[in-house]
Structures are given as C-alpha cells and as structure tokens.
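Chain and residue survey
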Amino acid sequence: MDTSGTRIALGTILPILLLCLPYFSIAVDVIYRPVELLSINCGSSSNFSTLDGRNWTADIKFLSENKDSVAASALTPSTQQGPYTYARFSHSQFTYSFPVSAGPKFLRLFFYSTSYQNFDRSKSDFSVKAGPYTLLHDFNASLNADAGDEPGNYLFREYCINLKDGERLNITFIPSTTDSYAFINGIEVVSMPPYLYYTNLDDNTGFPQIVGGVTYTIESKSALEKIYRLNVAGTNIPPTGDTGMLRTWEADDNYVTTQSNISVDFGGITKLSFTTATENYTAPDKVYRSSRSMGTSGSLNMGFNLTWQLPVDSGFTYLLRLHFCQLDPHVHQAGDLEFYIYIADQLATDRADVLLWTINQKAVPVVTDYIVSIPVNQKKPNISLKLHPHPKSRIKDAQLNGIELFKINHSTGNLAGPNPDPHPKTFEFPLQSKNKKSKGRTGTITAAVAGAVSGVVMLSLIVAFFLIKRKKNVAIDEGSNKKDGTSQGGGSLPANLCRHFSIAEIKAATNNFDELLVVGVGGFGNVYKGYIDEGSTHVAIKRLKPGSQQGEQEFVNEIEMLSQLRHLNLVSLIGYCYESNEMILVYDFMDQGTLCEHLYGTDNPSLSWKQRLQICIGAARGLHYLHTGAKHMIIHRDVKSTNILLDEKWVAKVSDFGLSRIGPTGSSMTHVSTKVKGSIGYLDPEYYKRQRLTEKSDVYSFGVVLLEVLSGRQPLIRTAEKQKMSLVDWAKHRYAKGSLGEIVDPALKGQIATECIHKFGEVALSCLLEDGTQRPSMKDVVGMLEFVLQLQDSAVNGVVVSGGDYEDSEDMFSSTHSSIQLSNYSNSTGLNTTSYGSKESD
Ligand SMILES: *[C@@H]1O[C@H](CO)[C@@H](O)[C@H](O)[C@H]1NC(C)=O
Ligand SMILES: *[C@@H]1O[C@H](CO)[C@@H](O)[C@H](O)[C@H]1NC(C)=O
Ligand SMILES: *[C@@H]1O[C@H](CO)[C@@H](O)[C@H](O)[C@H]1NC(C)=O
Ligand SMILES: *[C@@H]1O[C@H](CO)[C@@H](O)[C@H](O)[C@H]1NC(C)=O
Ligand SMILES: *[C@@H]1O[C@H](CO)[C@@H](O)[C@H](O)[C@H]1NC(C)=O
Ligand SMILES: *[C@@H]1O[C@H](CO)[C@@H](O)[C@H](O)[C@H]1NC(C)=O
Ligand SMILES: *[C@@H]1O[C@H](CO)[C@@H](O)[C@H](O)[C@H]1NC(C)=O
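Residues numbered from 1 in each chain as written. Chains lettered and ligands numbered in written order. Predicted model: local features only at pLDDT ≥ 70, side-chain atom pairs only at ≥ 80, totals over all residues. Heavy atoms only, no water.

Thoughts on the sheet that holds strand β25 (residues 382-389)
Strand pairing in a sheet is mediated by backbone hydrogen bonds. Such pairs are either parallel or antiparallel. Heads up, the condition is: Strand pairing is defined by DSSP finding a minimum of two bridges between the two strands. For helices the rule is a DSSP run of H or I covering at least 4 residues; for strands it is a run of E covering at least 2, with both sets numbered from the N terminus onward. For helices, the fitted axis covers only the stretch in contact; all axes are lines through C-alpha atoms, and the angles between them, taken along N-to-C directions, range from 0 to 180 degrees.
Spatially, the four strands line up as an open sheet ordered β20-β25-β22-β23, and their pairing is antiparallel. At either margin of the open sheet sits one strand with a lone partner, and together these are β20 (306-311) and β23 (346-352). Strand-to-strand twist of the sheet, defined as the mean angle between neighbouring strand axes without regard to direction, takes the value 15 degrees. The sheet contact formed by strand β22 (residues 339-343) and β25 spans five bridges and is antiparallel. When the sheet's bridge partners are listed, I343 is paired in β25 with L385.

This is the structure:
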C-alpha cells in the first residue's frame, strides 16, 4: 500500500480554505503571536499574500551560498494558491541562511513537483540539511509526489528545530548527482513557544513516557519531523484556524480503522479552561470540542479496540501526543470513563481517565506524550493506537480528541526516510497471492458441482478488479481509434465518455503484461494491475483473450453501454484499448479487493457488523441502479461476493456487469451467452430450471451474498456435514427453527443487536424465495437494509435497548418464519415499501 502520501498535501487544504472564510475573522484574534514568521517565496522577487493567511516575500536576501542558482517558472501552472509559480534551482549546492532568534522554530518546506523551464520533472534528486540535521536524503520529488495519494503534485514537510543563541538557521540543498538538480518553492520559519513540544527540564511534570518504560526528554539538541497532526472526529483545520503558528490539522477519517466509532461534536458553548500544563496555544479549541468514541454501547464495546493506524518509516523513534478534553455530559467524575491505551500493540496506559487527570474538572484540555521506537523491519510499517474500555469503568467506552505524531532524529542527526518504491517495476503486489488462492478455491467448487448441474454451462469467472479513484478525466482522442472502430463496420466508439489508450500505453502500464502484475484470472482473460499517467494512477486492466473477430462488435457495444453507467456503487470504466487485435478495458483500481476476501479464507481482519451492513447497502444500491437507472434494464447475472469490490474507503462497488455479454471468444464457446450464466452457489433455481432470466435472479444471488456476509462462510462447502453443505439450505433450516443465530460469523460475536440479526435474516431469506415474483426488488432490499442499519444504530445509541448477545435471544426466533411473505416486511418494519426512497438514483 502506498502510504508515503499520507502527509498533508496542500491540495486538500486550500480548497477547504476557500469555503471557510469565517476563519479569517477568527485569525485576527490569535492566541499566540510568533516572534518570527517568515514565508519565503523561492525563485521570485514579488511579494503576495494567500488566503491561508501567509504573506510571501522574495527569497534573494536570504540566499547565502551559490547565488548562481536560478529561478524558473513552472510549465504547468499550479492550480493551488501558494509559492508554486516559481522555484529556485541548482545543479550544485545552495544555502539559505535565516537570522532568527534563539529557541524552537517550525521549519516548513513547500515543493511543487512539475517540469520547469529547463528542468525536467523527473531529474530532481537532492538532500536537504539544516544545521546538523538531514531533513531529506536523496529525495526524488517526482517519485514522492507520484506515490502520494493526494491529488496534485504538492509536497509539504514540517520540522521543529531548536536554535541556540546567535545561531543562524542555515538550510542547504544538495543535488545527489551531477545529473540531478535540487529545487525549492517555498520555505517558512515560524517561532513557537519554548515548551510546546520540547521538554521543560525545570518542570517535574509533563515528561513524555516511553511505552512500556520510563520517562524521556525531547532535548533541545534534537529535531522533530511532523508526520501527522489530526483533529480526531473533526474536519480539516487550515493554517488560519490554528492558534497562531499556521499549523494544519487534518481530519482523522483516513486513519481510523475501526468501523464502529462515533464522532461527537460538543459545540462551542462551554468555555475551555486551559492550564499551565496545557496552554491555550497547544491546539485550536475545535480540536478539543470534537471527540471520537466507540460507537456501540455497554458490553459491546468490550469486544473490540478503537483503533487508528499511522503509517511511518521504520527504524526511528516517534513522539506520539494525544489530546483529550472531557465535555461529555454523561461523564461526571474520575472513574466514570477509564480506558487502556495501547501504542504499537504495547500497553501505554492502563488507566487513562481524563477527569482523574484534571481533578474532576470538565472542559479542561490535557495532552499526554508517549515515545515509541519502531524497529527496522518492513518499509512502511504502521504505528497502531488502540483504545479499550477498562473493565472497572462505569461507562464502557473510550475517547480521543487529537493526535500528533513526530519523528525524532537519529543520533547522526538524520530524519530522512527512504523514497517510496517506484511504479511499477519494484512495487510489491500483495493482492496477487490472495487472488491466486481464490482462484484455486473456486476451481474446486466448479469442478465439484458441474456434474450435479449437468448441461448447464457454468461460467465461474473469478475476475477481481481492485481499484481506486480516478484522478483524471481525460477526453477521448477520437482520431486515433477510428481505424479499428470502423474496420468492422461497427458503431463509432464512445467519444467523450471514456478514454482511449494506445497499446503502447497499456504495455507500459503493465510492464508488457508482466505475469507478476496479474491480479485476476477469468474465462475471458487476465486482469492486471497497472499504472498510468506516469505512474500516478493505479488501474485494473482487463485484457480479453485475443483472437476471434466475432467479439469486436460486442466489445464496441459493451464499452458504449459501460461508459454510460455511472454510479457511486459501480466500478467505473476509465477507458479501453482496441488495436493490434487487442481488446482491453481499463477500470478504477479498488484498494481493498473483493468483499469475499474480507469474509473468509483470508488473513484480513474481520469486517465489523456495521461495516458489513454498509457494504451490503452500497452493493444493493449499485444493483438497483443497474436494474432501473440505465436506458434499458441491465441484469448483472453474476452477483457474488467476488464481484463486489471495495475501494480505499470501504465503499462497495459492483463490478463485472454487462461484461456477461462479451463471451469467451473461442468459437467453441460462442453458445455460452445464450445459456444460463452465473456462479455455483449463487444461481437462482428458478432461472436454471426455466431458463427465464429476470432481474429477480440477481436478487436471489444477492440474498446468497447477504448470507455470506452474516455467516462469514462460502455458499457451498462440499466437505461440510450434509445439512450445512449449502449455506442457503442451512440458513433456511435454522431460520425455520428460530435459531438463525447459529449461522452468525463467530467474528461478529457481541456486535449485532438482536432486532438487527432478526431483520437481516428476513431480508436475506426473502431474496431467496423460490418464486421470483415474491422476492423484493433491489429497491426494496436497499430500503430494508437501511432500516436494519438504523435498528443497529439505535440499538447502539440506546434508543432501542437491547445491545444483547444474539445467542441468548433464541426466543426472538421462536415464532416460525418459514413462509415469509414480502408483505410481512412492510408491516413488521413499520415502513411502506413505497417509502424506501433510494437516496441517490443517479
Ligand atoms: C492564553 O493564555 C494566556 C495565559 O497563559 C492568557 O494571558 C491569554 O489571554 C490567553 N489567550 C486567550 C486568547 O485566551
Ligand atoms: C517585499 O516585502 C519585503 C519584506 O516585507 C520588503 O522588504 C520588500 O521591499 C517587498 N518587496 C516588494 C517588491 O514589495
Ligand atoms: C500579512 O500582512 C497583513 C497586512 O500587512 C497583516 O495584517 C497580517 O497579519 C500578515 N500575516 C501574517 C501571517 O504575518
Ligand atoms: C525519480 O524517480 C523516477 C520514477 O521512479 C525516475 O524515473 C527518475 O529517474 C528518478 N529521478 C532521479 C534523478 O533519480
Ligand atoms: C550559516 O551561514 C552563515 C552565512 O553563510 C555562516 O556565516 C554561518 O557560519 C553558518 N552557520 C552554520 C551553523 O552553519
Ligand atoms: C486490543 O489491542 C491490544 C493490543 O494490540 C490487544 O492485546 C487486545 O487483545 C485487543 N483487544 C481486543 C478486544 O481486540
Ligand atoms: C539529534 O541530532 C543531534 C545532532 O546530531 C544530536 O545531538 C541528538 O542527540 C540527536 N537526537 C537523538 C535523540 O539522537
């Protein structure tokens, strides 16, 4: 996974700034006024101000060594405000020297990685030193920008450096080779309060604590690099919203990995009481007014940890600062809310109790500092932060308001980590082995059942595309594909809808169809992971088996259809390649792989119940859109957990739709598309008995997926005892007996509210009714699942009191539900089917 880009990219901050004009009035009333505040616009002689509150000034008077360095302007104008129009360049070493007062300073470096006049983007490679500290070493800016997961080519680094009396702050840029150059767009120096992060040796409190050890001091001779500064459960706070030091606080959503969690904003009424231990400049008020806690209630919270994962460089020691403030009206005194804090899986505090720390005073911000060393192991390990309720706490919960993480320099003065791996050659493909596994598994199932369902041709196409957000929306180059498009007399290819790739681009993206890049294998060909746009975008590249002429017209039609389908819950087609007898489709790459890979037969951590519900709702919406959103109804025909993909934010995306009609192209297989298609274990019995295809066959298959999600097992296990072999039969049987709880995935123990499992089972089994006309539509399924989620949430929030354990609640199922009628639904849920509004139908 690419994690090096998790530092704050300016790209995310500035647009927000534009929407946050109120900050500017607040900025007048700053809490801390830095003695020095220099924002230097390198390579330019003009002064200007930006909306983030910075006044940029020319750099020339601070340049102390190599005045031959040149200024050049960017060839691609920056779309962000900032010091990005010009930069300073040199093929030899150059130094800036700032006459600043003694004490700790923020040093900020701003880079815009693009091509400048006479300076090719890919040729930058340099080190940056400040006094005895190495801030960057052999830093390849383009490589770092490409590996970042924020859009744009902006790189931002922030350091804390303590200067002695009379010392100048000298910053030297050193090209790595004679071929490469060093550059810089902007430098900022801001002074900070003396003991904001550095340890005050005259004070006996507030020393950082080594996790599992004694106290530590952040000595004035050490430098720090900011890795993360997170406003937990809040929004991004731009530099103008800081306490006067122009720090940026980022929302923590990308780092919380526990799905079950809740953000609470306690609003701005209560005045916060800062203390000498935590001064009012420590963090903006906003950070302390929103906190994240566990999201479920009572004993359910004992079943998991509230977790953040923070990717870092290995081989360094880190300072982790946690910010807390007790504003919760349910918490009155010490002992009410106590929890454990684990850092990097070691116990850091066995009794974190904010009111104990503040002597029962509420609205008092507190910070705690921990030191943790990360040994050299993998390239980009995570530091995990986990909170868990103390068993003796009156309220079984945990909470956190803010996180800051800093890297501390080595004894050599080094702070620099390695460059990220370039794409695609040396990139590791962790998904590959997993995928091979799923291929093997499906193979067995297909072999086993093919005999039983004789005469029915099964296409068990395990094709997994893993994808992500598309970064670019490129208009199609119409001219370049006419040749192929018309050679078959086929319709013209979809102009403006998706992008055309040349075969050369595809070969470059896949390293000439490198076996190592295969992430999926299916009946119609291989799926490769690829990189386009100079490695900046990951894509899934599906190469249809080359050969037959017959497929071409279909291919054209298919692209036309697919490129018109756009929905949050469908995998989108980015483009295609159609030349040299190749038919290739390019999709977004989905970071988290298939739903199946998170349910069973995997080392992935188990999905929480709420996460599973959200994924089901997303997938159901995608299918609903396929059925009703396009010009003609599209029946997926191969709904299964391996065709539901998950993006980096765990949003479900239905994949592989429509492609059903691009059959295998070998002539012996041309009949396939007219036969029953689908995958073993998911096939609608009505469909294969009567060969009559309706959208309700998708509903049936989706019902199977719902059971997989509930049970965490595959639809068919041939080796299981007879009654459990088929998941559908087993679930129907258990449901009729009123003991559906038995099939629930053990990993979900304690997470599902009673009402919720009951209703979820009803939804799944209604989808699986023998008579297709009795099954709900996908729209109904969406509505019912949303209702289940509401039930779960309200159970969690204590509105429906029953956060109980489903195993103790067999009586919930004592009345027999073996003949569910759809009409029961509307009654039992208190909702009318027509009220199930689909929230986003396009
Ligand atoms: C911040 O705290 C200091 C005392 O530590 C106080 O003098 C100052 O007025 C406070 N500033 C604001 C804006 O509350
Ligand atoms: C830019 O600002 C600096 C410092 O405020 C000032 O000395 C200089 O004269 C200004 N230059 C121009 C061109 O306005
Ligand atoms: C920028 O300049 C304006 C006008 O001179 C001043 O009011 C403001 O405080 C300055 N901002 C910073 C961050 O120095
Ligand atoms: C920086 O990395 C890119 C991508 O790997 C590479 O093409 C380029 O040659 C590197 N630049 C230098 C100067 O090493
Ligand atoms: C910083 O640069 C100045 C001017 O070039 C030089 O006089 C001074 O010795 C340097 N200081 C350090 C600590 O390198
Ligand atoms: C919480 O995390 C700690 C540290 O990794 C682990 O020992 C503990 O088992 C976890 N607790 C739960 C309930 O997952
Ligand atoms: C950081 O670097 C400085 C300068 O080399 C050194 O004196 C200091 O001991 C280093 N800090 C740590 C924690 O090793």
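A short note on unusual backbone geometry
For clarity, the cut-off: Exposure classes here rest on a 1.4 Å probe applied to the protein chains alone. A residue is buried below 20% of its type maximum, exposed above 50%, and partly exposed in between.
If you check the backbone angles, I359 has positive phi at about 55 degrees while not being a glycine. Structurally, I359 can be placed in the loop between α5 (354-357) and β24 (366-374). Classification of I359 as exposed rests on a relative accessible area of 70%. Phi is positive for F513, which is not a glycine, with a value near 55 degrees. Note that F513 resides in the loop between α8 (503-509) and β29 (518-522). Of the residues examined, F513 reaches a relative accessible area of 10% and is grouped as buried.

Section: the sheet that holds strand β19 (residues 290-293)
Strands sit in the order β18-β19-β26 across an open sheet of three strands; the sheet is antiparallel. Sheet topology places β18 (262-265) and β26 (399-400) at the edges, where each strand pairs with a single neighbour. Strand direction decides the pairing type here: β19 and β26, joined by two bridges, are antiparallel. Bridged to S293 within β26 is Q399.

Thoughts on the side chain of R289
To be explicit about the condition: Working rule for contacts: check all heavy atoms of both residues, and any pair within 4.5 Å makes them a contact.
Assignment of secondary structure puts R289 in helix α4 (residues 285-289). With residues up to four places along the chain from it excluded, the contact list for R289 reads V264, D265, F266, G267, G268, I269, T270, K271, L272, L327 and N401.

Concerning the nonpolar core
Let me state the cut-off plainly: For the purposes of this section, nonpolar cores are sets of buried Ala, Val, Leu, Ile, Met, Phe, Trp, Tyr and Cys residues that join through side-chain atoms within 4.5 Å.
Membership of the largest hydrophobic core comes to 81 residues, with the highest contact counts inside it found for F702, L706, L710, F760, V781 and L785. Examining the composition of this core, we find that ten residues originate from one element, helix α10 (residues 609-628), more than from any other. Excluding its chain neighbours within four sequence positions, the residues that come into contact with L785 are C616, I617, A620, F702, L706, F760 and V763. Membership of the second largest hydrophobic core comes to 47 residues, among which are F94, Y133, A141 and L155.

Focus: the site of ligand 1
How we decide: One heavy atom within 4 Å of a molecule or strand is enough for the residue carrying it to be called near that molecule or strand. For the purposes of these results, a polar contact is taken to be a pair of N or O atoms within 3.5 Å, where, inside protein, one atom must be able to donate a hydrogen and its partner to accept one; residues adjacent in sequence count only when each atom of the pair is a side-chain atom. The Shrake-Rupley method, run with a 1.4 Å probe sphere, supplies the accessible areas, and residue values consider only the shown protein chains as cover.
For ligand 1, the full set of nearby residues is I31, E279 and N280. In the environment of ligand 1, an oxygen atom lies 3.0 Å from a nitrogen or oxygen atom belonging to the side chain of E279. Taken by itself ligand 1 offers 360 Å² of open surface, and the protein chains cover 34% of this.

Thoughts on the packing of aromatic side chains
Going by this rule: Any pair of Phe, Tyr and Trp rings, taking the six-membered ring for Trp, is counted once the centres come within 6.5 Å. Such a pair is stacked with planes under 30 degrees apart, edge-to-face with planes over 60 apart, and tilted for the rest. Ring-over charges, as used throughout, are those where CZ of Arg or NZ of Lys falls within 6 Å of the ring centre and within 35 degrees of the ring normal.
Counted by the stated rule, this structure contains 33 aromatic pairs. Both rings, one in F89 and one in Y181, keep their centres 5.6 Å apart while their planes meet at 55 degrees; by these two values the pair is tilted. Here F89 is found in strand β6 (residues 86-90), whereas its partner Y181 is found in the loop between β12 (169-175) and β13 (182-184), with 92 residues between them in sequence. You'll find F89 and Y181 in the same group, each marked buried. The ring of W249 has R229 sitting right over it, with the charged end atom 5.7 Å from the ring centre. Here the guanidinium or amino end of R543 rests over the ring plane of F513, the centre of that ring lying 3.7 Å away.

Considerations on the side chain of S697
Tracing the backbone through its elements, the reader meets S697 in helix α12 (residues 695-711). Residues within four places of S697 in sequence aside, it is in contact with D684, Y687, R692 and R775.

Details of the pairing of β25
Most of β25 sits out of view: seven of its eight residues are buried. By the bridge criterion, six bridges tie β20 to β25 in an arrangement that is antiparallel. The partner of W308 across the bridge, within β25, is L385.

Some remarks on helix α14 (residues 727-736)
Quick reminder of the rule: This arc corresponds to the set of directions leading from the helix axis out to the C-beta atoms.
Of all the positions in α14, only L727, V728, W730, A731, R734 and Y735 are classed as buried. Looking down the long axis of α14, one finds its buried residues gathered within 165 degrees of arc, a one-sided arrangement. Taken together, the buried residues of α14 touch α12, α13 (722-725) and α15 (754-767). Positioned one or two residues after α14, G738 has a phi angle of 75 degrees, which is positive.

Description of the packing of α14 against α15
Note the cut-off: Comment on the angle field: the value is read as roughly parallel under 35 degrees, roughly antiparallel over 145, roughly perpendicular from 65 to 115, and oblique elsewhere. Should the near helix be turned counterclockwise from the far one by less than a right angle, the crossing is left-handed, whereas a clockwise turn marks it as right-handed. In this classification, Asp, Glu, Lys and Arg are treated as charged, Ala, Val, Leu, Ile, Met, Phe, Trp, Tyr, Cys and Pro as nonpolar, and every other residue, Gly included, as polar.
Orientation of α14 relative to α15, taken along the N-to-C sense of each, is 130 degrees, at an axis distance of 11 Å. Put simply, α14 runs oblique to α15. The way α14 lies across α15 gives a crossing that is left-handed. Touching A731, K732 and Y735 of α14 are H758, G761, E762 and L765, all from α15. Here the contact of α14 with α15 is composed, by residue class, of three nonpolar, two polar and two charged.

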